[in-house]
Amino acid sequence: MEVGSEGREIRRDGAQGRGSNRVAAAEVTEQTPTATAITLVGGDSGDAKEQEPGWKKFLAHVGPGFLASLAYMDPGNLETDLQAGANHRYELLWVLLLALVFALIIQSLAANLGVTTGKHLAELCKAEYPKYIKFCLWLLAEVAVIAADIPEVIGTAFALNILFHIPVWTGVLITGLNTLLLLGLQRYGVRKLEILISMLVSVLAACYFAELGYVKPPASEVLKGLFVPRLKGSGALADSIAMLGQNVPPHNLFLHSALVLSRKTPPSAKGINNACRYFLLETAFAMFVALLINIAVVSVSGTVCAADSLSQENSNRCNDLNLNSASFLFKNVLGKSSFVVYAIALLASGQSSAISCTCAGQYIMQGFLDIEARKWLRNLVTRCIAIVPSLIVAIIGGSSGAGRLIIIASMILSFELPFALIPLLKFSSGRTKMGPHKNSIFIIVISWILCSCMTGINIYFLSSQFVKWLIHSSLPKVANVFIGIIVFPLMAIYIITVIYLIFRKDTVVTFVETPDSQQIEIEKGMHCAKDDNGIGAIPYREDLSDISLPN
């Protein structure tokens, strides 16, 4: 046992926080002057909790899935959707559906991991891997957060440029102000943050559904694109790979596994199973909303760019569509009101996604490094790291340079996916971390097949694109040879590291079985946590990100 930064005793044998790996008779003692001693005693609050209607229990778990779903509606995804619609109309909607189904499976595994172990993915990586491996995983996770935050920063800057005609680099600086908003909300609890996120998602959905109602795409073609796989035309494969890569952001796995720890879950098999089921339902609903928004973006872009009345100038813009040029396209084709609606939707997307990226950066720093810095300092560091490269590129390259930076960031996220996904699949599929709550054989097989396909596609796409660039590069041959000497060994190290993560056997056991007698007592409500006033309470993670979690 150790004493935490606030005097709270923390179990370091894998029983930290909450989950089925905590013995029910454990005591959690607060040593601060205003704190109360909590012990597990007989009582009836467990019965009262058990008698709550199912919808109330479900509502208590609503929030983490919506925060995690923001990564699937960020400006990077919107740009990919706009390009897919402009180039292939509705033909790649099936890729979108497939990617979000895969994302639902992976996100639910991340939620289950946090609920069952009482630790999030970054903490488990720190506990499991050797010193140098976990240090490399931490660096890669931080780079993933930076790469994910770049489209949010640039997307918000583009939106401000469209609405107020301010320079892109000035918009990049202004986006840093959302840190102050996040700091203010953290003082009042994570629920306030979730309410803000819900409002921004509602604005985003309303904007694109309004656009969808304005352009009226053919429903039969949209349904056909959703359920009939097709890869026709030049660039269809590359666009589909880009859509797949954008739809499983690695930082989101760390985020979701930590967000679920803000909910109080009874430390019993039944409590764990119920919480996992509620989080699955909530995540499925959030992903369904994300799917509808992405379908709306692709459909709007596909309908507008295929219109017979499209001018030659706008047709050329459709051939090279990005977040900034799309605004002018909508302005010219759909009118000024739709142009403003597009900018507001982009602003909502960038702001909400930036908040989730900041939270992910906090959890990663806390989990890998066990640093409990002040929350304003964590936010400031996370936001500044993302703003600096965007600011430099916006000043030097302007709007076009910032647009290219989004593409580079998307490639980085695809490159880094295995380093978060493989540990998640191994931890959630093994008894050392999950005990009897580990994944079923069916989920193990499906998830590893999807992981192998995603990793293989990303490796193939990145390597082929690099070789293509190297062949057609205008650089001197000596420079090409020098670049090849540097990059190809790095690619070999990348593949070897992925193979190591796959086949390395997990050795650290964090799951501790609760005795059957105590499991029965907990599920019957005979044991529950009570404070000195006789009020029931269940210990949960209050140490994450210094966010004031709901009482």
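All of the points below concern the structure found in this document. (Residues numbered from 1 in each chain as written. Predicted model: local features only at pLDDT ≥ 70, side-chain atom pairs only at ≥ 80, totals over all residues. Heavy atoms only, no water.)

### Focus: the packing of aromatic side chains
And step 1. For the coordinates displayed, the defined rule picks out nine aromatic pairs.
And step 2. Taking the centre distance of 6.0 Å and the plane angle of 40° together, the rings of Tyr129 and Phe427 count as tilted. Here Tyr129, found in the loop between helix 6 (121-128) and helix 7 (131-164), pairs with Phe427, found in helix 19 (residues 418-429); they are 298 residues apart in sequence, far enough to count as distant.
And step 3. Seen in terms of ring centroids, Phe415 and Phe419 are 6.4 Å apart; in terms of plane orientation they differ by 55°. Their pairing is tilted.
And step 4. Overall, the relative accessible area of 8% leaves Phe419 in the buried class.
And step 5. Aromatic ring contacts, followed pair by pair, group Phe415, Phe419 and Tyr494 into a single cluster.
And step 6. Positioned over the ring face of Tyr278 is Arg277, at 5.4 Å from the centre of the ring. (Phe/Tyr/Trp six-rings, centres within 6.5 Å; stacked < 30°, edge-to-face > 60°. Helix = DSSP H or I, 4+ residues; strand = E, 2+ residues; numbered from the N terminus. Buried < 20%, exposed > 50% of the residue type's maximum accessible area, 1.4 Å probe, protein only. Lys NZ or Arg CZ within 6 Å of the ring centre and 35° of its normal.)

### Re the packing of helix 5 (residues 93-117) against helix 13 (residues 251-259)
In helix packing, the relevant descriptors are the interaxial angle and the interaxial distance, both defined with respect to the helix axes.
And step 1. Contact geometry for helix 5 and helix 13: axes closest at 7 Å, N-to-C directions at 40°. Here helix 13 runs oblique to helix 5, going by the angle between their axes. Crossing geometry of helix 5 relative to helix 13 is assigned as right-handed. Every residue of helix 13 that contacts helix 5 at Ile106, Gln107, Ala110, Ala111 and Gly114 is listed here: Asn252, Leu253, His256 and Ser257.
And step 2. Across the contact of helix 5 with helix 13, the residue classes tally to four nonpolar, five polar and no charged. (Axes fitted to C-alpha atoms, helices over the stretch in contact; angles between N-to-C directions. Parallel < 35°, antiparallel > 145°, perpendicular 65-115°, else oblique. Left-handed = near helix turned anticlockwise from the far one by under 90°. Contact = heavy atoms within 4.5 Å. Nonpolar A, V, L, I, M, F, W, Y, C, P; charged D, E, K, R; others polar.)

### A word on the state of the cysteines
And step 1. The full count for this structure, using the stated rule, is one disulfide.
And step 2. Disulfide partner of Cys305: Cys318, at an S-S distance of 2.1 Å. Its torsion about the S-S bond being -85°, the disulfide of Cys305 and Cys318 is classed as left-handed. Note that Cys305 is positioned in helix 14 (residues 269-305) and Cys318 in helix 15 (residues 312-319), a separation of 13 residues in sequence. For the residue pair Cys305 and Cys318, the accessibility class agrees, reading buried in each case.
And step 3. With no disulfide of its own, Cys357 lies 9.4 Å from the sulfur of Cys359, the closest cysteine sulfur. (Disulfide = S-S within 2.5 Å.)

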